Structure formats: structure tokens, C-alpha cells
Amino acid sequence: QVQLVESGGGLVQAGGSLRLSCAVSGNIARITIMDWYRQAPGKQRALVATFSTGGTTNYAGSVKGRFTISRDNAKNTVYLQMNSLKPEDTAVYYCHAYDLTRDVTYWGKGTLVTVSS
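Residues numbered from 1 in each chain as written. Predicted model: local features only at pLDDT ≥ 70, side-chain atom pairs only at ≥ 80, totals over all residues. Heavy atoms only, no water.

A. Local environment of the sheet that holds strand E1 (residues 2–7). Strand order in the open sheet formed by four strands is E1-E3-E8-E7, and the pairing between neighbours is antiparallel. The open sheet terminates on both sides in strands that have one partner only, identified here as E1 and strand E7 (67–72). Averaged over all pairs of adjacent strands, the angle between strand axes in this sheet comes to 15 degrees, irrespective of strand direction. Across six bridges, E1 lies against strand E3 (residues 18–26) in antiparallel orientation. The residue of E3 that forms the bridge with Val5 is Ala23. (Pairing = 2+ DSSP bridges. Helix = DSSP H or I, 4+ residues; strand = E, 2+ residues; numbered from the N terminus. Axes fitted to C-alpha atoms, helices over the stretch in contact; angles between N-to-C directions.)

B. Quick look at the packing of aromatic side chains. With the rule as written, the count across this model stands at two aromatic pairs. Ring geometry for Tyr94 against Trp107: centres 6.5 Å apart, planes inclined by 85 degrees, an arrangement best described as edge-to-face. In this pair, Tyr94 sits in strand E9 (residues 91–99) while Trp107 sits in strand E10 (residues 104–107), placing the two residues 13 residues apart along the sequence. Relative accessible area serves as the criterion here: at 37%, Trp107 is assigned to the partly exposed category. Through successive ring pairs, a cluster of aromatic residues spans Tyr37, Tyr94 and Trp107. One residue, Arg45, lies across the ring of Tyr94, its end atom 3.7 Å from the ring centre. Sitting over the ring of Trp107, Arg45 keeps its end group 4.8 Å from the ring centre. (Phe/Tyr/Trp six-rings, centres within 6.5 Å; stacked < 30°, edge-to-face > 60°. Buried < 20%, exposed > 50% of the residue type's maximum accessible area, 1.4 Å probe, protein only. Lys NZ or Arg CZ within 6 Å of the ring centre and 35° of its normal.)

C. Region of the structure containing the pattern of salt bridges. Taken as a whole and judged by the stated rule, the model has two salt bridges. Linking Asp89 and Arg38 is a salt bridge whose minimum nitrogen-to-oxygen distance equals 2.9 Å. With Asp89 in the loop between strand E8 (77–82) and E9 and Arg38 in strand E4 (residues 33–39), this pair connects stretches of sequence that are 51 residues apart. The class for Arg38 is buried, based on a relative accessible area of 15%. As a salt-bridge pair, Arg66 and Asp89 come within 2.8 Å of each other at their nearest N and O atoms. Of this pair, Arg66 sits in the loop between strand E6 (57–59) and E7 while Asp89 is found in the loop between E8 and E9, placing the two residues 23 residues apart along the sequence. By relative accessible area, Arg66 is classed as buried at 10%. (Salt bridge = Lys/Arg side-chain N within 4 Å of Asp/Glu carboxyl O.)

The following block contains the structure:
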């Protein structure tokens, strides 16, 4: 009953910024954790940032100080603000939601971010 739709990806030069959005619809009351993952070509999917119930956030070491995850509950949207982008940030970025009480996960289809040098 939960659907995630990412948007905001695109082509940007190194040093630039992008803001990704994840629109959440359906029964979101039981969602306790939301994350952003990314997967570069030929590499495994990796956790980028986590936003837990209560506002706790965590980031991968490679993006600390550059990326910020946030939520707008009124708009049912999760954001990933990405600043000072590097070519190694190039990847498909996926929104992920987790229902801790039911051990159920939801994934968006992804949005491509390409950072040129």
C-alpha cells in the first residue's frame, strides 16, 4: 500500500548541487525509517543516508558534510540535498522505506544522477 517515486536527478558538473525528492503515497503511518541508496554502474547498491522516526539521521562517510536528508511531513516527501558533487557520486539513486513493525520494505524505481568532470 506504499508507493515511492523519486525525481530530481539529472546531469550536473562537479561542484554543483541537486536535490532529489521522494514522494510517498499510500499508508505511510507505519513507515519508521526512510533511506537513500545509490548504485553506480557495475557496483553494489550502497546506503547513502538514513532518516529514522524522531529525526535521527546517518550518512555514509563518503557524503558526510555534502549531503543532507530531510522530510516534509506535510508534503509526504523525503529529500536528499546534494552539494559539492563529485564524479564518483554518479549513480542511480533509490528511495527506500522500511516498516519496522512488519519487517516490510518498499523501493522506488530510482533516478539517475550524472556528475561530469
